[in-house]
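Here are the chains, one letter per residue:
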Amino acid sequence: MSTDSPLIIALDYASLDAALCMADRLDPARCRLKVGKELFTRSGPDVVEALHGRGFEVFLDLKFHDIPNTVAGAVQAAAEQGVWMVNVHAGGGRRMMEAARERLQRHGLSTHLIAVTVLTSMEAEDLAEVGVGVTPAEQVERLAMLASQSGMDGVVCSAQEAARLRELCGESFLKVTPGIRPSFAVAGDQRRVMTPRDAMAAGSTHLVVGRPVTQADDPMAALAAIEAELAAG
Ligand SMILES: O=c1ccn([C@@H]2O[C@H](COP(=O)(O)O)[C@@H](O)[C@H]2O)c(=O)[nH]1
C-alpha cells in the first residue's frame, strides 16, 4: 500500500518479534517503516518480507559505503526485495553512486535511491575530528550537489539543511530527514534536530521518527500527536 504521509517510523529493534509487534500497531495508510542496521543484521530479508506482507512500504536504511561494484550489487539486492527506498553514503563518491544508479536502471528497478550526507548525530566538532573543516551545513550542501549530479533521487540530511537544499537541488529532490524531535521528546544522541512541523515547513519531503514514537509510553498517542502537529501546520 502507498501512503501520502511523510512519516517514516524507524523500527530500531533487536528482534523480529519486537519489530513486528510495533508494526502490528501501526497502519500502512499512515506511515512507512524504516529497517536499519540492527534489525536487518538480526533478522535479514525476513523482516522486509513480513512488513511487505502487512502492506507497508519499507525504507531499507543500510547506508551502503564500499567500492562501486560492491555497492551496486548491494543496492540491486535491496531493490529486488521490493523495498520502496534504499540508501548509500554520499561520502563513497561519484563513481560509487553512479554505479548504484546504473545497476538499478539496467535491471529496471524503480526503488528510490538516496544518499546520506552528514549524519544528524554529528556537529562541527565531530566533522573536524574526521578531517572535515567546514560546517555541517556546508558539507551537506557539497554532498547533496554531488548526489544530485550522480543521479540520486535525494538525500538524507537534517531538516536544518532542507530549505537550502530545496533551493540548490529543487523541490522534487527528496529530503529525507531524521533527527525529528517533537516538543515532548528528548534529543538523545541526535544533534541537528527539528520539530515535525518546522521540518515540513523547511522543505523536508519525509520525516524519519524513531524513539519519540517507538520508546514512548504510548506509541500510538505519540504518533497521533505528531500527525496532529503536522495537520495544524
Ligand atoms: O543521519 C542520519 C541517518 C539515519 N538516521 C537513522 O534515523 C533513525 C532516527 O531515530 P531516532 O530514534 O528518531 O533518533 C535511526 O534509525 C537512525 O539510524 C539518523 O538518525 N540520522
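- Taking an unreviewed UniProt entry as the reference, the chain is identified by name as Orotidine 5'-phosphate decarboxylase belonging to Halomonas alkalicola.
- In UniProt, the chain has this text filed under Function (unreviewed entry): "Catalyzes the decarboxylation of orotidine 5'-monophosphate (OMP) to uridine 5'-monophosphate (UMP)."

## Looking at the sheet that holds strand β3 (residues 58-64)
Next, step 1: Spatially, β1-β2-β3-β4-β5-β6-β7-β8 is the arrangement adopted by the eight strands of the closed barrel, whose pairing is parallel. Neighbour to neighbour, the strand axes of the sheet diverge by 25° on average, direction disregarded.
Next, step 2: Both strand β2 (residues 32-35) and β3 contribute to a ladder of three bridges, which runs parallel. If you follow L33 over to β3, its bridge partner there is V58.
Next, step 3: Set on the sheet, helix α5 (residues 94-106) makes contact with β3, β4 (85-89) and β5 (112-116); between it and β5 the angle comes to about 170°.

## Section: the site of the ligand
Next, step 1: The ligand sits among 16 residues. The nearest are D12, T120, R181, Q190 and R211.
Next, step 2: The separation between an oxygen atom of the ligand and a polar side-chain atom of D12 is 2.6 Å.
Next, step 3: Q190 places a polar side-chain atom, nitrogen or oxygen, 2.7 Å from an oxygen atom of the ligand.
Next, step 4: Considered on its own, the ligand offers 460 Å² of accessible surface; in the complex 87% of this is hidden by protein.
Next, step 5: Sorting the residues of the shell around the ligand by element identifies β3, β8 (206-209) and α10 (211-214) as the ones contributing at least two each.
Next, step 6: Class assignment for the residues of the shell around the ligand results in seven nonpolar, three polar and six charged.

Parameters and conventions
Residues numbered from 1 in each chain as written. Predicted model: local features only at pLDDT ≥ 70, side-chain atom pairs only at ≥ 80, totals over all residues. Heavy atoms only, no water. UniProt positions renumbered as here; feature names shortened; annotations may be inferred. Pairing = 2+ DSSP bridges. Helix = DSSP H or I, 4+ residues; strand = E, 2+ residues; numbered from the N terminus. Axes fitted to C-alpha atoms, helices over the stretch in contact; angles between N-to-C directions. Contact = heavy atoms within 4.5 Å. Near = heavy atom within 4 Å. Polar contact = N/O pair within 3.5 Å; in protein donor to acceptor, adjacent residues only side chain to side chain. Areas by Shrake-Rupley, 256 points an atom, 1.4 Å probe, with all protein chains shown as cover. Nonpolar A, V, L, I, M, F, W, Y, C, P; charged D, E, K, R; others polar.

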